[in-house]
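Okay, here's what each chain looks like letter by letter:
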Amino acid sequence: MTSHSPGPGFRPRAAVAMSRDAASAVLDPQSLGAFRRVCDLAPFPVLDDLSTPRARSVLADVDLLVTGWGCPRLDEDVLRAAPRLRAVVHTAGSVRGHVTEACWERGIEVSSAAAANALPVAEYTLAMILLTGKRVLERARDYRVSRERGNWLRTPRGVGNYRRTVGILSASLIGRRVVELLRPHDVDVLLHDPYVDGTDASALGVELVTLPELFARCDTVSVHTPLLPTTRGLVGRSLIDAMRPDAVLVNTSRGAVVDQDALTDAVTQGRIRAVLDVTDPEVLPPDHPLWDCDNALITPHLAGSEGNEWRRLADLALAETTRWASGAGFLHPVRRERLAFLA
């Protein structure tokens, strides 16, 4: 066994490569202490620029990089400076920004905390599905203005979540978790995903439908497809126009998956409602009509891990580091052949 081969008793040399803000957010002192118990962690500051003399000195000895938001690209030049590097443990979701083809060519093992980051997104999505079904935000606004409850026995029959039809676009990590969270509720769940067959749909407890069916039949459609060349603008005008009157579109994936102009037309005209944690562009211009539209709720990309949820990312990364050092391999590996389907 060489000095940098995982297995019993192996203690990898590691370094943290991400922005300083990301490291401060995700890696609190307790998490850093836990990492130091399983690996020899290079002293801070973190590596946020891999071209500096200090970074090159650190890279020369590392077996593993703990990466996060703001990690520089691990290209051929960087890898030449890191001859011992064998693994990357990412404390966030997508690795597209920093794991390059050169990493796969070398055979570097990669792990991601995408599974951990999926949980708060799914929780946010469930909350918005239930809140919009009950029309909570609009009714709270009206209540604040009128200061009167009104006759609750005249509530329109379209309000409520009983037997509501919810559509999930893509059985991604997040999409599958949303399906799981919906199970205790009295809703019917439809799914569109071209890579899911009938057997898998049955196991998930959903009805597999075509993309047009999903938008035509559902009271709420929740978008969970990653942004890929094939999914950019996937939710176009024809699908949006086919949605039921007063239906809700929830988007927690990427804004560019949805035709922003078509969505804006439908929402501002009062035909549908929208809950948008992402938009295209990511921050809409100050004069964009959706800002002042009562049918739209826009949040600042907050569904993913924030606050105390960052600790879950660090915990998963620590567990993956511990497994890899022991020779057990990653529980949440990123596979090169799956990149075409991942965000």
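Residues numbered from 1 in each chain as written. Predicted model: local features only at pLDDT ≥ 70, side-chain atom pairs only at ≥ 80, totals over all residues. Heavy atoms only, no water.

In the nomenclature of an unreviewed UniProt entry, the protein chain corresponds to Hydroxyacid dehydrogenase from the organism Streptomyces rochei. Annotation of the protein chain in UniProt includes, under Sequence similarities (unreviewed entry), the sentence "Belongs to the D-isomer specific 2-hydroxyacid dehydrogenase family." (UniProt positions renumbered as here; feature names shortened; annotations may be inferred.)

A. Structural context of the pairing of strand β11 (residues 273-276). Taking every second residue as pointing to the same face, both faces of β11 are buried, with R273 and V275 on one and A274 and L276 on the other. Pairing between strand β10 (residues 248-251) and β11: four bridges, direction parallel. Following the sheet pairing, V250 is matched in β11 by V275. Of the strand pairs in this sheet, β11 and strand β12 (residues 296-298) are connected by three bridges, and their pairing is parallel. Along β12, the bridge assignment pairs L276 with I298. (Buried < 20%, exposed > 50% of the residue type's maximum accessible area, 1.4 Å probe, protein only. Helix = DSSP H or I, 4+ residues; strand = E, 2+ residues; numbered from the N terminus. Pairing = 2+ DSSP bridges.)

B. View of the environment of V136. Tracing the chain through its elements places V136 in helix α7 (residues 136-146). Separated by 23 residues in sequence, V136 and V159 place their C-alpha atoms 9.6 Å apart.

C. Structural view of the pattern of salt bridges. Under the definition given, this model contains 24 salt bridges. Of the charged contacts, one joins R177 and E180 as a salt bridge, the two residues approaching to 2.9 Å between their closest N and O atoms. Remark: E180 and R177 occur in helix α8 (residues 173-182); sequence separation between them is three residues, near one turn of the helix. Owing to a relative accessible area of 37%, E180 belongs among the partly exposed residues under this scheme. Measuring nitrogen to oxygen at the nearest pair gives 2.9 Å for the salt bridge that ties R244 to D219. Of this pair, R244 sits in the loop between α11 (237-241) and β10 while D219 sits in the loop between α10 (211-217) and β9 (220-223), and the two are 25 residues apart along the sequence. On the basis of relative accessibility, which here comes to 32%, the residue R244 falls in the partly exposed class. Each of the salt bridges in this network shares a partner with another, and the network as a whole consists of R135, E138, D246 and R273. (Salt bridge = Lys/Arg side-chain N within 4 Å of Asp/Glu carboxyl O.)

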